[in-house]
Amino acid sequence: MSKGDPIITVDKVVKRWGSFTALNEVSVSFKEGEVVCIIGPSGSGKSTLLRTINRLEEHDGGRIVVDGIELDNDTRNIDAVRAEVGMVFQSFNLFTHMTVLDNITLAPQRVRKWKRDQAEAVARQLLERVGLLAHAHKYPSQLSGGQQQRVAIARALAMQPKVMLFDEPTSALDPEMVNEVLLVMRDLAKSGMTMLVVTHEMGFAREVADRVIFFDGGRIVEEGDPEPFFARPNHPRAQAFLSQIK
Ligand code: ADP
Ligand code: MG
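Keep in mind it's a predicted model, so treat the numbers as computed, not measured. (Residues numbered from 1 in each chain as written. Chains lettered and ligands numbered in written order. Predicted model: local features only at pLDDT ≥ 70, side-chain atom pairs only at ≥ 80, totals over all residues. Heavy atoms only, no water.)

### A look at the site of ligand 1
Around ligand 1 lies a shell formed by W17, F20, A22, P41, S42, G43, S44, G45, K46, S47 and T48. A distance of 2.7 Å separates an oxygen atom of ligand 1 from a polar atom in the backbone of G43. Between an oxygen atom of ligand 1 and a main-chain N or O atom of G45, the distance comes to 3.0 Å. Notes on ligand 1: free accessible area 560 Å², of which the protein chains cover 60%. Those elements giving two or more residues to the shell around ligand 1 turn out to be β2 (20-31) and α1 (46-53). Broken down by element, the shell around ligand 1 gets its largest block of residues, three residues, from α1. A class-by-class count of the residues in the shell around ligand 1 yields four nonpolar, six polar and one charged. (Near = heavy atom within 4 Å. Polar contact = N/O pair within 3.5 Å; in protein donor to acceptor, adjacent residues only side chain to side chain. Areas by Shrake-Rupley, 256 points an atom, 1.4 Å probe, with all protein chains shown as cover. Helix = DSSP H or I, 4+ residues; strand = E, 2+ residues; numbered from the N terminus. Nonpolar A, V, L, I, M, F, W, Y, C, P; charged D, E, K, R; others polar.)

And the structure:
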């Protein structure tokens with residue numbers, strides 16, 4: 001599979017919480033169309049990396065460039081990046097007082113300035129794609145966790161992002177609902193979407209990822225093709241991590 005030019009460049013990025021360093025000079029780039037799974041122990045900085053890439057957190061050092069947009073203090077740049085980068089969280093984060101359809105059409109109308117009709121047409125296509133068209137007028141509380149997460153994915157896609165970030169999208173789900181969400185993500189990966197996925201689903205990572213990145217202590221300690229990585233990781237921390245979760 002041939003993947004394109006770098007769409008995200010992270011160069012010596014540092015993120016601190018007080019005296020604690022959550023990202024310690026992390027350098028990595030992601031190519032257009034690439035699916036990268038990010039794994040590693042709890043507290044190793046995986047979420048922080050995703051959150052700095054779409055500027056939910058401000059980094060303290062280094063550079064982040066997304067599709068040619070430098071993430072600096074220029075708020076116009078931050079808005080531009082947010083419009084290009086969709087994010088899906090462990091906890092769905094749907095607006096509970098809004099219907100499924102309204103959850104999906106809100107941002108395109110506000111940010112993209114689409115008319116209601118246009119936003120709804122796109123939302124219906126996306127709901128069909130995630131298998132939830134029949135639930136368009138329900139509220140999130142009337143849906144299962146797996147269904148809510150599929151709505152969250154549709155909501156992020158409605159902004160027509162160039163990149164999708166997933167932060168443990170199946171970790172809050174009952175086991176029987178994990179697959180329905182992974183199926184949607186597989187379909188998205190096949191469609192050529194650039195995806196950064198923090199996950200503990202090693203089967204998914206093995207099958208779908210073009211590259212696996214292993215985080216530990218705020219650093220990338222190993223990265224490479226899934227097959228050799230899962231068969232025989234080089235770094236002792238990666239070996240320990242994989243033997244623990246297998
Ligand atoms: P991971 O996603 O790999 O589990 P995180 O990126 O969430 O790890 O967190 C990395 C480290 O940064 C953890 O030690 C965490 O406690 C710390 N951290 C994350 N967010 C904050 C915050 N808002 N304030 C203080 N410390 C934080
Ligand atoms: Mg996390």
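### A few points about the UniProt feature "domain: ABC transporter" (unreviewed entry) in the protein
Mapped onto this structure's residue numbering, the UniProt feature "domain: ABC transporter" (unreviewed entry) falls at residues 8-242. Summarising residues 8-242: 40% helix, 26% strand, and an end-to-end C-alpha distance of 27 Å. (UniProt positions renumbered as here; feature names shortened; annotations may be inferred.)

### Description of α1
In terms of residue burial, α1 counts as a mostly covered element, since six of its eight residues are buried. Backbone geometry just after α1 places R55 at a positive phi near 65°. (Buried < 20%, exposed > 50% of the residue type's maximum accessible area, 1.4 Å probe, protein only.)

### Regarding the sheet that holds strand β3 (residues 35-39)
Sheet architecture is open: six strands sit in the order β6-β7-β8-β3-β9-β10, paired in mixed fashion. Single-partner strands in this sheet number two, and they are β6 (85-88) and β10 (219-224). The average angle at which neighbouring strand axes cross in this sheet is 20°, direction not considered. Pairing analysis gives four bridges linking β3 to strand β8 (residues 194-198), with the strands arranged parallel. Following the sheet pairing, I38 is matched in β8 by V198. Sheet contacts for α1: β3, β6, β7 (163-167), β8 and β9 (211-216); angle to β7, the most-contacted strand, approximately 150°. Contacts between helix α6 (residues 175-190) and the sheet are confined to β3, β7 and β8, with β8 contributing the most and set at about 145° to the helix. (Pairing = 2+ DSSP bridges. Axes fitted to C-alpha atoms, helices over the stretch in contact; angles between N-to-C directions. Contact = heavy atoms within 4.5 Å.)

### Considerations on the environment of L133
On the secondary structure map, L133 appears in the loop between α4 (116-129) and α5 (145-158). For L133, a relative accessible area of 33% corresponds to the partly exposed category. With 35 residues separating them along the chain, L133 and M98 place their C-alpha atoms 16 Å apart.

### Focus: the pattern of salt bridges
This model, assessed by the stated rule, comprises 13 salt bridges. R211 is the salt-bridge partner of E34, the closest N and O atoms lying 2.9 Å from each other. Linking E34 in the loop between β2 and β3 with R211 in strand β9, this pair joins segments that are 177 residues apart in sequence. Each member of the pair E34 and R211 is classed as buried. As a salt-bridge pair, E180 and R150 come within 2.6 Å of each other at their nearest N and O atoms. With a gap of 30 residues between them, E180 in helix α6 and R150 in helix α5 connect regions that are remote in the sequence. Salt bridges sharing common partners tie together D102, R116, E120 and R124. (Salt bridge = Lys/Arg side-chain N within 4 Å of Asp/Glu carboxyl O.)

### Examining the packing of α5 against α6
One can describe the packing of α5 onto α6 by two numbers: an axis separation of 8 Å at closest approach and a directional angle of 20°. As summarised for this structure, α5 and α6 are arranged roughly parallel, according to the angle between their axes. Crossing hand, α5 versus α6: right-handed. When α5 is examined against α6, the residues G145, G146, Q147, Q149, R150, I153 and L157 are found in contact with a partner set consisting of M177, E180, V181, V184, M185 and L188. Looking at the contact of α5 with α6 residue by residue, the class counts come to seven nonpolar, four polar and two charged. (Parallel < 35°, antiparallel > 145°, perpendicular 65-115°, else oblique. Left-handed = near helix turned anticlockwise from the far one by under 90°.)

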